[in-house]
Amino acid sequence: MHVLVTGGAGYIGSHTCLALLEAGHAVTVLDNLCNSSTVALQRVQEIASKSLRFVQGDVRKPHDLALAFEAGIDAVIHFAALKAVSESCEEPLRYFDNNIAGTICLMQAMQGHGVHQLVFSSSATVYGQPDVVPVDETAPLRVSNPYGRSKLVMEDLIGDWCNAKPDVGAVLLRYFNPVGAHPSGRIGEDPRGTPNNLMPYVAQVAIGRRERLQVFGNDYPTPDGTGIRDYLHVVDLAEAHVKALDFASDASGCHILNLGTGRGTSVLELVHAFEQATGQPIPLDIVARRAGDVAEYWADPAKANACLGWHATRTIHDMCADTWRWQSLNPQGYAP
Ligand code: NAD
Ligand code: UFG
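Scoring rules and cut-offs
Residues numbered from 1 in each chain as written. Chains lettered and ligands numbered in written order. Predicted model: local features only at pLDDT ≥ 70, side-chain atom pairs only at ≥ 80, totals over all residues. Heavy atoms only, no water. Helix = DSSP H or I, 4+ residues; strand = E, 2+ residues; numbered from the N terminus. Rg over C-alpha atoms; globule rule 2.2 N^0.38 Å. Buried < 20%, exposed > 50% of the residue type's maximum accessible area, 1.4 Å probe, protein only. Contact = heavy atoms within 4.5 Å. Areas by Shrake-Rupley, 256 points an atom, 1.4 Å probe, with all protein chains shown as cover. Lys, Arg positive; Asp, Glu negative; His and termini not counted. Charge placed at Lys NZ, Arg CZ, Asp CG, Glu CD. Pairing = 2+ DSSP bridges. Near = heavy atom within 4 Å. Polar contact = N/O pair within 3.5 Å; in protein donor to acceptor, adjacent residues only side chain to side chain. Axes fitted to C-alpha atoms, helices over the stretch in contact; angles between N-to-C directions. Parallel < 35°, antiparallel > 145°, perpendicular 65-115°, else oblique. Left-handed = near helix turned anticlockwise from the far one by under 90°. Nonpolar A, V, L, I, M, F, W, Y, C, P; charged D, E, K, R; others polar. Salt bridge = Lys/Arg side-chain N within 4 Å of Asp/Glu carboxyl O. Core = buried A, V, L, I, M, F, W, Y, C linked by side-chain atoms within 4.5 Å.

**Q** Talk me through the overall build of the chain; I want residue IDs and the actual numbers.
**A** What the chain contains, in helices and strands, is 11 helices and 13 strands. On C-alpha atoms alone, the chain measures out to a radius of gyration of 19 Å, which is about the 20 Å that the 2.2 N^0.38 rule sets for 336 residues. In terms of overall dimensions, the chain has C-alpha extents of about 55 × 45 × 40 Å along its principal axes. Expressed as a percentage of its 336 residues, the buried residues of the chain come to 56%. Counted over contacts in the chain with a minimum sequence separation of 6, partners at least 24 positions apart contribute 80%. Accessible surface, the chain as shown: approximately 13,700 Å² in total, 51% of it carbon and sulfur. Of the charged side chains in the chain, 25 are positive and 36 negative, and the gap between their average positions amounts to 3 Å.

Next up, the structure:
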């Protein structure tokens, strides 16, 4: 298949492009590079010993989409989005325009080019504070910020499109907490500015770019008092996209799947795993809870296991070791 990957230069997109090339697919990336670098794509091609096609452009621009679709696209994986929760609270309209308007333009271009298979990046953020864990796909949806709102609206729009057009098949993937890097250490997560998320922050403390980790609260109703999440290795996540693409090719309608390991890990457990996997000490302070954080959630991935024949296989130890290999080989990320 020839797959259009929007946002393919980004963190999850670059790992997925590699998995697609390794699975024998042809790849066109459409990315405006607002949060990524072409170095990631150069390295993907070097690791795979295969080339991909890159169109620098914006999913909201019909001309850029036309260029991307020119190559004869069979299916689309749609990663392109803005993803910072706090920024979305300050600039909701920018998030609605980039994420929601971008997705509408993409669906229009797909329809215009007769492309009917779509795999979409959603997020466990749509569940907000869950009533029970593990969280399955029937859990109530409670978004609490404009980023989450944009994901929920995009899910609904894709669902409506599928309802109207029986030949369209879409898979909406709700990721829990993607972390880690390719085991080569050549591609990984390269956040701009101060990382918001735990794993990249820990890695930057280990490499000496940050002094100490702040642990946001140790008074949650969890065994060690710190927040619990379902961390998922980005290579497992990338492999799930390849399987979702195959699934979408044979399916019509809209299918929603959680992607996680089904296991929860606390902040302190993750920090200790990182120290064990890498031998790097992580100095930390316990500080107040971060506004908007929930105590604990982890996925019930049974539906993805059954529909895709996919299971996350990589451990927290793998996630930490691979993050550290990426961070230590690239102390400043993709910057020279
Ligand atoms: P990322 O920022 O590394 O990748 C997103 C890519 O999209 C970037 O390369 C960016 O330049 C590009 N992009 C953004 N807006 C664009 C536009 N209008 N046109 C073209 N390109 C555009 O983020 P990521 O972590 O790889 O996330 C990928 C997807 O997964 C996003 O949709 C995100 O919301 C979703 N997601 C991420 C996480 C996570 O923790 N990383 C969790 C759940 C869901
Ligand atoms: N944490 C710290 N210190 C930090 C950063 C995080 O203690 O410096 C804690 C948080 O309080 C939380 C845990 O580490 O308990 C994980 O926090 P992350 O920021 O890494 O992840 P979140 O679960 O808060 O959110 C992430 C993305 C969201 C996405 C969600 C589900 O940021 O956009 O996963 O996919 F919606």
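From this point on, the discussion continues.
**Q** Would you mind going over the pairing of strand β4 (residues 75–78) in detail, with residue names and values included?
**A** The alternating pattern of β4 places A75 and I77 and V76 and H78 on opposite faces, both of which are buried. Sheet analysis places strand β1 (residues 2–6) next to β4, joined by four bridges and oriented parallel. Its bridge partner lying in β4, V3 is registered against A75. Bridge count for β4 against strand β5 (residues 117–123) is three bridges, and the pairing is parallel.

**Q** Any details on unusual backbone geometry? Residues and values, ideally.
**A** Here V133 and P134 are connected by a cis peptide whose omega angle stands at -5 degrees. Along the chain, the position of P134 falls in the loop between β5 and α6 (146–164). In the Ramachandran plot, L33 falls in the positive-phi region, its phi being about 60 degrees despite a non-glycine side chain. Inspection of the secondary structure puts L33 in the loop between β2 (26–31) and α2 (38–48). Given the relative accessible area of 19%, L33 is considered buried. Not every positive phi belongs to a glycine, and S49 is a case in point at roughly 55 degrees. Mapped onto the secondary structure, S49 falls in the loop between α2 and β3 (53–56).

**Q** An account of the site of ligand 2 is requested, with residue identities and associated values reported.
**A** Residues in contact with ligand 2 amount to 21 residues; listed here are only the nearest, F176, N197, Q214, R229 and D293. Within the backbone of F176, one N or O atom sits 2.6 Å away from an oxygen atom of ligand 2. Isolated, ligand 2 exposes 690 Å² of accessible area, and the fraction of that covered by the protein chains is 89%. When residues of the shell around ligand 2 are assigned to their parent elements, the largest contribution, four residues, is made by strand β8 (residues 213–216).

**Q** Lay out the packing of helix α7 (residues 198–206) against helix α11 (residues 316–329) with the relevant residues and their values.
**A** The contact between α7 and α11 brings their axes to 10 Å, and the two run at 55 degrees. Here α11 runs oblique to α7, going by the angle between their axes. The hand of the α7/α11 crossing is right-handed. Of α11, the residues touching α7 (which contributes M199, A203, Q204 and A206) are M319, C320, T323, W324 and Q327.

**Q** Describe the site of ligand 1, listing the residues and the values that go with them.
**A** Surveying the vicinity of ligand 1 reveals 27 residues, the closest of which are D31, N35, S36, K83 and Y147. In the model, an oxygen atom of ligand 1 is placed 3.1 Å from a nitrogen or oxygen of the C34 main chain. Interatomic distance of 3.1 Å between a backbone N/O atom of V59 and a nitrogen atom of ligand 1. Here ligand 1 has 830 Å² of accessible area as a free molecule, and 95% of this is covered by the chains. Taken together, the elements giving at least two residues each to the shell around ligand 1 come down to α1 (11–22), β5 and α6. Looking at which element gives the most residues to the shell around ligand 1, the answer is β5, with three residues. A class-by-class count of the residues in the shell around ligand 1 yields 12 nonpolar, 10 polar and five charged.

**Q** Can you lay out the pattern of salt bridges for me, pointing to particular residues and giving the numbers?
**A** Considering all chains together, one arrives at 13 salt bridges under this definition. Notably, a salt bridge pairs R186 with E46, separated by 2.7 Å at the nearest N-O pair. Pair noted here: R186 is in the loop between β7 (177–179) and α7 and E46 is in helix α2, with a separation of 140 residues, a long-range link. Across the pair R325 and D322 runs a salt bridge whose closest N-O atoms are separated by 2.7 Å.

**Q** Can you explain the nonpolar core? Please cite residues and give values.
**A** Membership of the largest hydrophobic core comes to 47 residues, with the highest contact counts inside it found for L20, V27, L52, L173, L259, L308 and W310. At 10 residues, helix α8 (residues 234–250) tops the list of elements feeding residues into this core. Beyond its immediate stretch of four places on either side in the chain, L52 contacts C17, L21, V27, V29, L41, V44 and Q45. One finds V76, C105, M154 and I158 within the second-largest nonpolar core, a separate group that totals 26 residues.

**Q** So what's going on with the side chain of S266? Which residues, and what values?
**A** Within the fold, S266 resides in strand β12 (residues 265–266). The class of S266 is buried, set by a relative accessible area of 2%. A distance of 2.6 Å separates a polar atom in the side chain of S266 from a polar atom in the side chain of D224. Ignoring sequence-local partners within four residues, the contact set of S266 consists of D224, T226, G227 and I228.

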